[in-house]
Amino acid sequence: MEEIVYLNGRLVPKREAKISIFDHGFLYGDGLFETMRSYNGRVFRLTEHIKRLFKSVTVLRLKLGVTEEELETAVQKTIRANDLSDAYVRLTISRGEGETGPDPSTCPKSTVVIITRPFQPYPHELYEKGARAIITNTRQNDLSPLARVKSMNFLNNILALMEAKTAGVDQAILLNTKGFVAEGAVSNIFIFRDNTLITPPMDAGILPGITRRLVLELAKGLQIPIREGNFPPDALMQAQECFLTNSLMEILPIVQVAVHPIGTGLPGPVTQRLILAYRELVRIETRY
Ligand SMILES: Cc1ncc(COP(=O)(O)O)c(C=O)c1O
């Protein structure tokens, strides 16, 4: 069966899905995206993803011709058209076609694309044994409004990922301009120390992760003390536990940062409790 994608209101075969080389998404990285995961044919927390996207649509003043509800329906239809159960779902909204200069006022209408693919799970081993990370030289610009939107202009994150790959590790952690830990290149970060689960606050220059917020709620329910607060890299190295979160990887234990083992060097009990609680929530909501 040929892959079907959603392009500007229509479901079309992949080979017919073409966009203009004058699209400012292509020319300037001007646009937004969302990455989501479906379980059993249902996108987990779809409404929250679409709401976050629409907040960013307002920040970037994109001229979007669809409503939140229409976009939700379009996502579900694309998954169904591809007969997918467990899927990676990528929604992209670019500025659209315009003149060659960066002026967005020359682009009358955004381009909307939805791609769905069979979900490729992260290696099981990473959850059992934990993943390794480095702190990158690439920094997060916490002073930019772009830190808080999931922008198509992803090069800062890509540079960080390239640094991690060169260092031979799985994940990249970025500091912000103040030298505090901000987030992962594709994730939010948590540490557990002094009996408290700590995650950087929004003003550290982070994406308001859907998974991050859920983890904070789950921790509260499990009576794990939580705090949103800035911390330096030293506090990360001395943490008892560390994990990263995003909608695809869920909760990924980090057991080594650069040469420093975190805690015992194995996924810790708090991380494991949260992984189980998250999976249980997914199971209930998606009947997975
Ligand atoms: C830079 C960055 N921070 C955080 C996240 C986590 O967001 P969410 O939990 O909503 O998937 C992502 C997701 O890809 C990301 O790219």
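Use the structure listed above.
Source: prediction; values computed, not measured. (Residues numbered from 1 in each chain as written. Predicted model: local features only at pLDDT ≥ 70, side-chain atom pairs only at ≥ 80, totals over all residues.)

S.K.: Requested: an account of the site of the ligand, with residues and values cited.
M.R.: In the region of the ligand, 14 residues are neighbours, and Leu207, Gly209, Ile210, Thr211 and Ser247 sit closest. Looking at the shell around the ligand, the elements that each hand over two or more residues are helix 6 (210-221) and strand 13 (241-246). At three residues, the largest contribution of residues to the shell around the ligand is made by helix 6. (Near = placed C-beta within 6 Å. Helix = DSSP H or I, 4+ residues; strand = E, 2+ residues; numbered from the N terminus.)

S.K.: An account of the environment of Leu71 is needed here, citing residue identities and associated values.
M.R.: Relative to the assigned elements, Leu71 resides in helix 3 (residues 68-81). With 17 residues separating them along the chain, Leu71 and Tyr88 place their C-alpha atoms 16 Å apart. Excluding anything up to four places from it in sequence, Leu71 contacts Ile50 and Val66. (Contact = placed C-beta atoms within 7 Å.)

S.K.: Residues and numbers for the packing of helix 2 (residues 46-60) against helix 3, please.
M.R.: For any two helices packed against each other, the geometry comes down to the angle between their axes and how far apart the axes lie. Orientation of helix 2 relative to helix 3, taken along the N-to-C sense of each, is 130°, at an axis distance of 10 Å. Between helix 2 and helix 3, the angle falls in the class oblique. Judged by the twist between their axes, the crossing of helix 2 over helix 3 is right-handed. Contacts between helix 2 and helix 3 involve Leu46, Thr47, Ile50, Lys51 and Phe54 from the former and Glu68, Leu71, Glu72 and Val75 from the latter. Here the residues of the contact of helix 2 with helix 3 are counted per class, giving five nonpolar, one polar and three charged. (Axes fitted to C-alpha atoms, helices over the stretch in contact; angles between N-to-C directions. Parallel < 35°, antiparallel > 145°, perpendicular 65-115°, else oblique. Left-handed = near helix turned anticlockwise from the far one by under 90°. Nonpolar A, V, L, I, M, F, W, Y, C, P; charged D, E, K, R; others polar.)

S.K.: Hey, could you go over the environment of Val259 for me, with residue numbers and the actual values?
M.R.: Mapped onto the secondary structure, Val259 falls in the loop between strand 14 (250-257) and strand 15 (260-261). On the basis of neighbour counts, which here come to 8 C-beta atoms within 10 Å, the residue Val259 falls in the exposed class. (Buried ≥ 20, exposed ≤ 12 C-beta atoms within 10 Å, placed from the backbone.)

S.K.: Describe the pairing of strand 11 (residues 196-199), naming the residues involved and giving the relevant values.
M.R.: For strand 10 (residues 188-193) and strand 11, the ladder comprises three bridges, and the chain directions are antiparallel. Among the inter-strand pairings, Ile191 is bridged to a residue of strand 11, identified as Ile198. Between strand 10 and strand 11, which pair antiparallel in sequence order, lie two residues; one of them, Asp194, sits at a positive phi of approximately 50°. Where strand 11 meets strand 12 (residues 226-228), three bridges bridge the pair, whose relative direction is parallel. Looking at strand 12, one finds that Leu197 is bridged to Ile226. Note that the unit made of strand 11, helix 6 and strand 12 has a crossover that is right-handed. (Pairing = 2+ DSSP bridges. Right-handed = clockwise from strand over helix to strand, strands pointing away.)

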